[in-house]
Amino acid sequence: MWLALLSGSVGPERPLAYACGDDQVREVRIEDGRAAETWRWTAREASELPADYRERLLAHIDECKPVDDGRLILVTASTGGAVLIDRVSGRVVFRARVPMAHSADLLPGGRIAIALSIAPVGDRLQLYDRRRSERVIHTLPLPSGHGAVWDAKRQRLFALSHDLVQAFRLSGRGNGARLHETTRWTLPGRRDGHDLSPMETGRYLVTTDDGAWRFDPDDGSFAPYAPLNPALRIKSVSAAGDRIAWVQAEQSWWARGFTVMAADGSDRRRIALDGIHLYKVRWIR
């Protein structure tokens, strides 16, 4: 089945993904072991954005997460910006200036959580209302923040930092919305958490300085994910059913493409992307 998906012989099931880097987000369809671009958003061409977003704050995009059943795309950039993009129109419907932003997710009630990495006013988790750009509702410490994922089934926000995965409960409405830590788990290996992404099984894929792991919030266990271990500098891993896409840095922090494979590590295909310093890939489910 996986080979059929890669070859494009099953038309409606050909996998789609978002790939991001530099100031671009690209939507790509995987066909015949190649990425066929179907849509692109470029920060410098987003005329509705203030100049500092177009020219500087979105220069190095590091997250491109489909949310709201794929109708919206949450984008963060280590250069200091975050935006929520309407997929159909390509217009920005929310923006925030957030130093070293590395990940974000959409929470119930139109709230947005953004994880900030190492910076003088970073190392924190910030909560916003998508209807009010630039206005922080709540802030919590998150050293080297790199991941934010809302788990609708568990009604928890999972956040990734240098040493921990933490779970937060959301309470309140409007400007009174707050996040309350309920549980924390210490990362395995050399720690230095980098990517946190959900699996359809209810578990998570986590990458650290020295590998990739399956994380189960129900029992707090971290199990090495053998198909990617040992592997250093894994910038992102994304799962959709039996499809896995991952990015491993090749030059400093970026790559010239990504790899797709079955969940057991078989049927690996290298997907090259031209004209972009690739950072992350996320499946569109």
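Before reading on, note that the structure itself is shown above.
This section reports on the structure supplied with the text. It should be emphasised that the depicted structure is a prediction, and the values quoted were computed from it without experimental measurement.

1. Some thoughts on the sheet that holds strand β21 (residues 243-248)
Taken in spatial order, the four strands of this open sheet run β20-β21-β22-β23, and their pairing is antiparallel. Taken across any chain shown, the strands that pair with only one partner, and hence form the sheet edges, are β20 (234-240) and β23 (269-272). The average undirected angle you get between the axes of adjacent strands in this sheet is 20 degrees. Here strand β22 (residues 257-262) pairs with β23 via four bridges, running antiparallel. Along β23, the bridge assignment pairs Phe258 with Ile271.

2. Re the nonpolar core
Of all hydrophobic cores here, the largest spans 21 residues; its most connected members are Val25, Trp41, Leu49, Leu58, Val83 and Ile85. Listing elements by their share of this core, those giving two or more residues are β1 (16-21), β3 (34-42), α2 (51-57), β4 (61-67), β5 (72-77) and β6 (81-86). If sequence neighbours within four positions are ignored, Ile85 has contacts with Trp39, Trp41, Arg71, Leu72, Ile73, Val75, Gly90, Arg91 and Val92.

3. Here's the deal with the environment of Cys64
Following the sequence through the fold, Cys64 ends up in strand β4. With 21 residues separating them in the primary sequence, Cys64 and Ile85 have C-alpha atoms 9.8 Å apart. Setting aside anything within four residues of it in sequence, one finds Cys64 in contact with Tyr18, Ala19, Cys20, Val25, Ile73, Leu74, Val75, Lys280 and Arg282.

4. Focus on the pairing of strand β16 (residues 195-198)
The sheet contact formed by β16 and strand β17 (residues 204-208) spans four bridges and is antiparallel. Residue pairing across strands places Pro198 opposite Tyr204, the latter belonging to β17.

5. Some thoughts on the layout of surface pockets
Summary: where empty space remains is shown by rolling a probe the size of a single water molecule over the atoms. Space inside the largest pocket adds up to approximately 760 Å³. Along its surface, the largest pocket is lined by 28 residues, and Asp105, Val149, Trp150, Pro198 and Arg285 are the ones closest to its centre. Counting residues per element, the ones that place at least two in the lining of the largest pocket are β4, β8 (101-107), β12 (147-151), β16, β20 and β24 (278-283). Classifying every residue of the lining of the largest pocket by side-chain character gives 13 nonpolar, four polar and eleven charged. There is about 160 Å³ of room inside the second largest pocket. Taken together, Ser117, Ile118, Ser144, His146, His162, Asp192, His194, Thr208, Asp209, Arg233, Ile234 and Lys235 form the lining of the second largest pocket. Of the residues assigned to the lining of the second largest pocket, the class counts are two nonpolar, six polar and four charged.

6. Some details on the sheet that holds β24
One open sheet accounts for four strands, arranged β3-β2-β1-β24; its pairing is antiparallel. Every interior strand has two partners, whereas the edge strands, β3 and β24, have only one. Between one strand and the next, the sheet's axes are offset by a mean angle of 25 degrees, whatever the strand orientation. With six bridges connecting them, β1 and strand β2 (residues 24-31) associate as antiparallel partners. Looking at β2, one finds that Gly21 is bridged to Gln24.

7. Quick notes on the packing of aromatic side chains
Applying the stated criterion to the full structure yields seven aromatic pairs. Members of the aromatic cluster, connected to one another through ring pairs, are Phe158, Trp185, Tyr204, Phe215 and Phe222. The ring of Trp283 carries the charged tip of Arg243 above its face, separated from the ring centre by 5.3 Å.

8. A closer look at unusual backbone geometry
With an omega of -10 degrees, the peptide bond between Asn229 and Pro230 qualifies as cis. The residue Pro230 is located in the loop between β19 (221-224) and β20 in this model. Residue Asp69 is not a glycine yet carries a positive backbone phi of 55 degrees. Within the secondary structure, Asp69 is located in the loop between β4 and β5. Exposure remark for Asp69: the relative accessible area of 72% places this residue in the exposed category.

Basis of the calculations
- Residues numbered from 1 in each chain as written.
- Predicted model: local features only at pLDDT ≥ 70, side-chain atom pairs only at ≥ 80, totals over all residues.
- Heavy atoms only, no water.
- Pairing = 2+ DSSP bridges.
- Helix = DSSP H or I, 4+ residues; strand = E, 2+ residues; numbered from the N terminus.
- Axes fitted to C-alpha atoms, helices over the stretch in contact; angles between N-to-C directions.
- Core = buried A, V, L, I, M, F, W, Y, C linked by side-chain atoms within 4.5 Å.
- Buried < 20%, exposed > 50% of the residue type's maximum accessible area, 1.4 Å probe, protein only.
- Contact = heavy atoms within 4.5 Å.
- 1 Å grid on protein atoms, 1.4 Å probe; cavity = no way out; pocket = protein on both sides within 12 Å on 5 of 7 lines; lining within 4 Å.
- Points joined across faces, edges and corners; volume = space filled by probe spheres on them.
- Nonpolar A, V, L, I, M, F, W, Y, C, P; charged D, E, K, R; others polar.
- Phe/Tyr/Trp six-rings, centres within 6.5 Å; stacked < 30°, edge-to-face > 60°.
- Lys NZ or Arg CZ within 6 Å of the ring centre and 35° of its normal.

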